[in-house]
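Here's the letter readout for the chains.
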Amino acid sequence: MNQIDIHIRMDGFRKDSIEAEVLANVAATRLQTARLLEDEKYMAALELSITALQRLKEFPDHDNEEFRAAVVALIFDLAEIHFLLKDYKRSEKELDSLFKVLDPLLVKNPDRFGRLHILAMELSTRILRSRKKTIEMLARQQINVDALTEKVNSGIVNATERLVDSLCNVARLLASSGDYREAMKFFSEAIRISKKRTGRVTKKEIRITIEMASVMLNVKAMRPRAERLLNAVLPHAITLAETELEKEIETVKEMIRLQDSMKTSWLSSFRK
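To start, this report covers the structure provided alongside it. Along each chain, residue indices are assigned from 1 in the same order as the chain's sequence is written. Given that this is a predicted model, residues contribute local features only at a pLDDT of at least 70 and side-chain atom pairs are listed and counted only at 80 or more, while totals for whole chains, interfaces and linings are drawn from all residues. Side-chain metrics in this entry use all non-hydrogen atoms of the structure; hydrogen atoms and water are not considered.

**A few points about the environment of Met43**
Inference 1: Secondary structure elements are defined from DSSP: runs of H or I of at least 4 residues count as helices, runs of E of at least 2 residues count as strands, and each element is numbered from the N terminus. Relative to the elements of secondary structure, Met43 occurs in helix H2 (residues 42-55).
Inference 2: Summary of the burial criterion: residues with accessible area below 20% of their type's maximum are buried, those above 50% are exposed, and those between are partly exposed, where the area comes from a 1.4 Å probe applied to protein chains only. What makes Met43 exposed here is its relative accessible area of 54%.
Inference 3: In the structure, Met43 is positioned 58 residues away from Val101 in sequence and 25 Å away in space, judged by C-alpha atoms.

Shown next as structure tokens:
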């Protein structure tokens, strides 16, 4: 587990204040938690994170942005730890709490919390056991993601890349289990978000499209759509001078033609 980096701003508080003391405790606790997680001491990490969350109750102003940032940091940790402990139900509850805290922060300060909001979505693709719930969550957050991916903020760009990669990983997992139609939903969402961020078709979107088309070969009804997708990205591969991608596109198109002809000729021979 790679702990999410969340900077807590201490300069707004006196060094001897209860606010500074509590926030410093959270920061120190997260460092200890990271070390425990590296050693796979998940129960000890869980106990430490819960203790830090309880200590946060001493913070005088629960509407303060730094207080809420600290809450977000600890909920991120708890969701991941519960998942590592295979307590999936609790992990999903933590995820729900995470969005409830993050949503108002996103409205108030999108530049600061946009990256964390996208990372919360990336987390959901990994810990939600129901793929239907994941798709529904992505649909609910679509407006927020579209608005955030238009920002040039490097943190948001990196978070978006991570979300796209995570969506592709889910798609691959579904495809490997034979759930091709569900896999298509995740590949499609990955392409949509990636393209929204760049505003154009890049090498990454072409690669995902080729992979998606390859998976679509497994379902006869999807093959015409797969060929249309490949024909749509081929000009972009040519424009980008990506000769390897051009070859891959032509290879998958040839596989579509071969699969259709092989099945037809085999059936004809069998009938004869």
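Let us keep going from here.
**Quick word on the packing of helix H4 (residues 88-108) against helix H5 (residues 110-127)**
Inference 1: Only the contacting stretch of a helix is used when fitting its axis, a line to C-alpha atoms as for every element, and angles between N-to-C directions run 0 to 180 degrees. Remark: H4 packs on H5, axes separated minimally by 9 Å, with the N-to-C direction vectors making an angle of 160°. It follows that H4 is roughly antiparallel to H5 by the angle criterion. In this structure, H4 meets H5 at a crossing whose hand is left-handed. Each of Ser91, Glu92, Leu95, Leu98, Phe99, Leu102, Asp103, Leu105, Leu106, Val107 and Lys108 in H4 lies in contact with H5, whose residues at this interface are Pro110, Phe113, Gly114, Leu116, His117, Ala120, Met121, Leu123, Ser124 and Ile127. Relative orientations are named as follows: roughly parallel for angles under 35 degrees, roughly antiparallel for angles over 145 degrees, roughly perpendicular for angles from 65 to 115 degrees, and oblique for any other angle. Note: crossing handedness is left-handed where the near helix turns anticlockwise from the far helix by less than a right angle, and right-handed where it turns clockwise. The contact definition used throughout considers only heavy atoms, calling two residues in contact when any of these lie within 4.5 Å.

**What about the layout of surface pockets?**
Inference 1: In this analysis a 1.4 Å probe is tested at points of a 1 Å grid over the protein atoms alone, and where it fits but cannot get out there is a cavity; an open set with protein on both sides within 12 Å along at least five of seven lines is a pocket; lining residues have an atom within 4 Å of a point. Grid points are joined across faces, edges and corners, and a volume is the space filled by probe spheres set on the points. Volume-wise, the largest pocket comes out at about 230 Å³.
Inference 2: As for the largest pocket, its lining consists of Glu92, Leu95, Asp96, Phe99, Lys100, Leu128, Lys133, Glu136, Met137, Arg140 and Gln141.
Inference 3: When residues of the lining of the largest pocket are traced back to their parent elements, those giving at least two are H4 and helix H6 (131-140).
Inference 4: Top contributing element to the lining of the largest pocket by residue count: H4, with 5 residues.
Inference 5: Under the grouping applied here, Gly and all other residues not named as nonpolar or charged are polar, the nonpolar ones being Ala, Val, Leu, Ile, Met, Phe, Trp, Tyr, Cys and Pro and the charged ones Asp, Glu, Lys and Arg. Here the lining of the largest pocket is built from residues that sort into 4 nonpolar, 1 polar and 6 charged.
Inference 6: Of the volumes computed, that of the second largest pocket is approximately 160 Å³.
Inference 7: In this structure, the second largest pocket is lined by Leu53, Leu56, Lys57, His62, Phe67, Arg68, Val71 and Val101.
Inference 8: Counting residues per element, the lining of the second largest pocket draws most heavily on helix H3 (residues 65-84), at 3 residues.
Inference 9: Of the residues that constitute the lining of the second largest pocket, the class distribution is 5 nonpolar, 1 polar and 2 charged.

**Thoughts on the packing of aromatic side chains**
Inference 1: Each aromatic pair joins two rings of Phe, Tyr and Trp (for Trp, the six-membered one) with centres within 6.5 Å, and gets the label stacked for planes under 30 degrees apart, edge-to-face for over 60, and tilted for any other angle. Using the criterion set out here, one finds 3 aromatic pairs in the structure.
Inference 2: Relative to Phe67, the ring of Phe59 lies with its centre 5.5 Å away and its plane at 35°, an arrangement referred to as tilted. Assigned by exposure class, Phe59 and Phe67 land together as buried.

**Here we look at the environment of Arg192**
Inference 1: Relative to the helices and strands, Arg192 is located in helix H9 (residues 180-198).
Inference 2: Its relative accessible area of 25% is what places Arg192 among the partly exposed residues.
Inference 3: Residues Arg192 and Asp146 lie 46 residues apart in sequence; the distance between their C-alpha atoms is 9.5 Å.
Inference 4: The contact partners of Arg192, leaving out residues within four places of it in the chain, are Gln142 and Asp146.
Inference 5: Within the structure, Arg192 has its side chain in polar contact with the side chain of Glu189 (distance 3.1 Å). Pairs of N or O atoms are called polar contacts if they sit within 3.5 Å, as long as, within protein, a hydrogen donor faces a hydrogen acceptor (for residues adjacent in sequence, only side-chain-to-side-chain pairs).

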